[in-house]
Amino acid sequence: MPQLEDARRYLEDRLQRLTNRVGAIEGDLRRKPSADSEERATELENDEVLERLSHDTIVEVTQIRGALARIEAGTYGTCAKCGGAIDAVRLAAIPDSTTCRNCAA
Ligand SMILES: [Zn+2]
C-alpha cells in the first residue's frame, strides 16, 4: 500500500525535524543566564516562549510516534473511536489523525 509508505516517510521526516528542534530549544534553555539584568529579563521572556514551543513540539512528537506505532501495528488509518476507515484525503492532510472526519467533528 504505497499511501502507507508515504505516510510513514512523512511522519519519520517530521519526527526527525521536531526532535532536532526540541534539542535546539533545550540547548537554548540550558545556557547560562546573562549577568546583565536587562538582558536577563529578555532571556526569561524568551524562555517562556521557548518552553511553550517546546511543549507543543513534544505533544506533536508524541502524536507522530503514536501514528508510526499504528503503522507498525497495522491499525493506521483506522478511526480510534468508531473503528471505521479514515479517508485518504484526511490522512494526507493530517497524517497523525486518529479519528475519522465524522468522529473529529
Ligand atoms: Zn470515526
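The numbers attached to residues start from 1 for each chain and follow its sequence in the written order. In view of the model being predicted, local features appear only for residues whose pLDDT reaches at least 70, and side-chain atom pairs are presented and counted only at 80 or more, with totals across whole chains, interfaces and linings using the full set of residues. For side-chain calculations, the full set of non-hydrogen atoms in the structure is used, while hydrogens and water are omitted.

1. Remarks on the overall build of the protein
Line of reasoning, step 1. Counting its regular elements, the protein contains 4 helices and 0 strands.
Line of reasoning, step 2. Taken from N to C terminus, the helices and strands of the protein fall in the order α-α-α-α.
Line of reasoning, step 3. A compact globule built from 105 residues would reach a C-alpha radius of gyration of about 13 Å, whereas the protein, at 18 Å, exceeds it by more than 25%.
Line of reasoning, step 4. In terms of its C-alpha atoms, the protein occupies a principal-axis envelope of roughly 60 × 25 × 20 Å.
Line of reasoning, step 5. The 105 residues of the protein split such that 30% are buried.
Line of reasoning, step 6. Across the protein, the fraction of contacts at a sequence separation of at least 24, relative to all contacts at a separation of at least 6, is 48%.
Line of reasoning, step 7. Every accessible area reported is derived by Shrake-Rupley at a probe size of 1.4 Å, with residue values counting cover from the shown protein chains alone. Counting only carbon and sulfur atoms, one obtains 52% of the accessible surface of the protein, whose full area is about 7200 Å². Strands are runs of DSSP state E lasting at least 2 residues, helices are runs of H or I lasting at least 4, and numbering of each runs from the N terminus. Throughout, radius of gyration means the C-alpha value; the globule benchmark is 2.2 Å times the number of residues raised to the power 0.38. Relative accessibility under 20% of the residue-type maximum defines a buried residue, over 50% an exposed one, and the middle range a partly exposed one, all with a 1.4 Å probe and only protein chains included. Every residue pair with non-hydrogen atoms within 4.5 Å of one another is taken to be in contact.

2. Some remarks on helix α2 (residues 37–73)
Line of reasoning, step 1. For a helix, the expected span equals 1.5 Å multiplied by the residue count minus one. Under the 1.5 Å per step criterion, the end-to-end length of α2 is 53 Å for 37 residues, consistent within 8% with the ideal 54 Å.
Line of reasoning, step 2. Every buried residue of α2 is accounted for by Glu43, Asp47, Leu50, Ser54, Thr57, Val61, Ile64, Ala67, Leu68, Arg70 and Ile71.
Line of reasoning, step 3. Within 3.5 Å is the distance limit for a polar contact, defined as a pair of N or O atoms, with the added protein rule that one can donate a hydrogen and the other accept it, and that residues adjacent in sequence qualify only through two side-chain atoms. Near the N-terminus of α2, the side chain that reaches the backbone nitrogen of Glu38, with its oxygen 3.3 Å away, is that of Asp36.
Line of reasoning, step 4. Positive backbone phi, approximately 80°, marks Gly74, located one or two places after α2.

3. As for the coordination of the zinc ion
Line of reasoning, step 1. Distances from the zinc ion to its protein donors, namely Cys79 (SG), Cys82 (SG), Cys100 (SG) and Cys103 (SG), fall within the range 2.3 to 2.4 Å.
Line of reasoning, step 2. As a rule, N, O and S atoms within 2.8 Å of a metal are its donors, except that Na, K and Ca use 3.2 Å; water is not among the atoms, so sites may look incomplete. Any site counts as irregular unless it has four donors with all angles between 85 and 135 degrees, making it tetrahedral, or four or six donors with opposite ones more than 155 degrees apart and the rest between 65 and 115, making it square planar or octahedral. Taken together, the 4 donor atoms coordinating the zinc ion span angles of 105 to 116° at the metal, a pattern that classifies the geometry as tetrahedral.
Line of reasoning, step 3. One chain supplies every donor for the zinc ion, spaced along it as C-x2-C-x17-C-x2-C. Placement of Cys79 in the loop between α2 and α3 (88–93) and of Cys103 in helix α4 (residues 101–104) is noted, with a sequence separation of 24 residues between them.

4. Some details on the side chain of Asp96
Line of reasoning, step 1. On the secondary structure map, Asp96 appears in the loop between α3 and α4.
Line of reasoning, step 2. Despite its burial, Asp96 pairs with no opposite charge, the nearest such side chain being Arg70 at 6.8 Å.
Line of reasoning, step 3. The contact partners of Asp96, leaving out residues within four places of it in the chain, are Leu11, Gln63, Ile64, Ala67 and Arg70. Positive: Lys, Arg. Negative: Asp, Glu. His and the chain ends are not part of the count. Here a salt bridge means any side-chain nitrogen of Lys or Arg lying within 4 Å of a carboxyl oxygen belonging to Asp or Glu.

5. Topic: the confidence of the model for the protein
Line of reasoning, step 1. Scored from 0 to 100, pLDDT records how confident the predictor is in each individual residue. Summary statistics for the protein give a mean pLDDT of 89 and a share of 98% for residues scoring 70 or more.
Line of reasoning, step 2. Ranking the elements of the protein by mean pLDDT puts helix α1 (residues 2–29) last, at 87, and α4 first, at 94.

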